[in-house]
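Residue-level listing of the chains:
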Amino acid sequence: AADLASLRALAWQRDLLLWVRGAMPYWNRSSGADHLWPAMHDEGACYSPAELRHATLLTHWGRTHTRPNGSSEYHLWRVDPHARGMYGWSRCYDPCKDIVLPSWRRPEAMGASPYLRRSSGGGGGDGGGG
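Summary of the structure given here. (Residues numbered from 1 in each chain as written. Predicted model: local features only at pLDDT ≥ 70, side-chain atom pairs only at ≥ 80, totals over all residues. Heavy atoms only, no water.)

Quick look at the overall build of the protein
Within the protein, the regular secondary structure consists of 3 helices and 3 strands. Traced from its N-terminal end to its C-terminal end, the protein shows the element sequence α-α-β-β-α-β. A burial count over the protein gives 32% of its 130 residues as buried. Pairs at least 24 apart in sequence give 58% of the contacts found in the protein among residues at least 6 apart. (Helix = DSSP H or I, 4+ residues; strand = E, 2+ residues; numbered from the N terminus. Buried < 20%, exposed > 50% of the residue type's maximum accessible area, 1.4 Å probe, protein only. Contact = heavy atoms within 4.5 Å.)

Given below as structure tokens:
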């Protein structure tokens, strides 16, 4: 049996994308490459339509592996034939264009992130003042 939540998430986003394409012709100019698209689902952009691959996705989850193994693995990747039409079939997050907006952490916790570069002192290197 298919996971209906993942299919509903995919269908809702596809319906919205069809509306945007019809009502907002600016989207079509670049296939969304110059637009932002929020991925509000628990699985981030995994359940988003693959047609959003050119847009910059705003997600809370920066999973970069192909078909990620996790609590949603059963639900997402065994929903044939729909899984291949999902953004997450390739990966749920593209670090070259997508943006992670952490939603469950206090700002103080972000300082421990290995993705933040710290200056080696003297106020140089990262464009920060000093």
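Some words on the packing of aromatic side chains
For any pair of aromatic rings, geometry is given as the distance between the ring centres together with the angle between the planes. Using the criterion set out here, one finds 1 aromatic pair in the structure. Ring centres of Trp-27 and Trp-37 lie 5.6 Å apart, and the angle between their planes is 65 degrees; on these two criteria the pair is classed as edge-to-face. Residue Trp-27 is found in helix 2 (residues 26-30), and its partner Trp-37 is found in strand 1 (residues 36-38); the two are separated by 10 residues along the sequence. (Phe/Tyr/Trp six-rings, centres within 6.5 Å; stacked < 30°, edge-to-face > 60°.)

A short note on helix 1 (residues 4-23)
Helix length check: helix 1, at 20 residues, gives a terminal C-alpha distance of 28 Å against a target of 28 Å (1.5 Å per residue), a fit within 8%. The complete set of buried residues in helix 1 reads Ser-6, Leu-7, Ala-9, Leu-10, Gln-13, Leu-17 and Val-20. Projected down its long axis, helix 1 shows its buried positions confined to an angular sector of 155 degrees, all on one face. In helix 1, the exposed positions angled more than 90 degrees off the buried face are occupied by Leu-4, Trp-12, Leu-18 and Gly-22. (Expected span 1.5 Å × (residues − 1). Arc of directions from axis to C-beta.)

Quick word on the nonpolar core
Core analysis: the largest hydrophobic core is formed by 10 residues, namely Leu-17, Val-20, Trp-27, Trp-37, Ala-39, Ala-45, Leu-52, Ala-55, Leu-57 and Tyr-87. Leave out the neighbours within four places in its chain, and Val-20 touches Trp-27 and Trp-37. (Core = buried A, V, L, I, M, F, W, Y, C linked by side-chain atoms within 4.5 Å.)

Description of unusual backbone geometry
A positive phi angle, near 55 degrees, is found at Ser-31, a position not held by glycine. Mapped onto the elements, Ser-31 comes out in the loop between helix 2 and strand 1. According to the relative accessible area criterion, Ser-31 is partly exposed, its value standing at 37%.

As for the state of the cysteines
Cysteine pairs can be covalently joined through their sulfur atoms, and such a bond is termed a disulfide. This structure, assessed with the given rule, holds 1 disulfide. Across the disulfide from Cys-46 sits Cys-92; the S-S distance is 1.8 Å. Disulfide Cys-46-Cys-92: the torsion about the S-S bond is 110 degrees, which places it as right-handed. Placement of the pair is Cys-46 in the loop between strand 1 and strand 2 (56-59) and Cys-92 in the loop between helix 3 (73-77) and strand 3 (99-100), with a sequence separation of 46 residues. Residue classification places Cys-46 among the buried residues on the basis of a relative accessible area of 1%. (Disulfide = S-S within 2.5 Å.)

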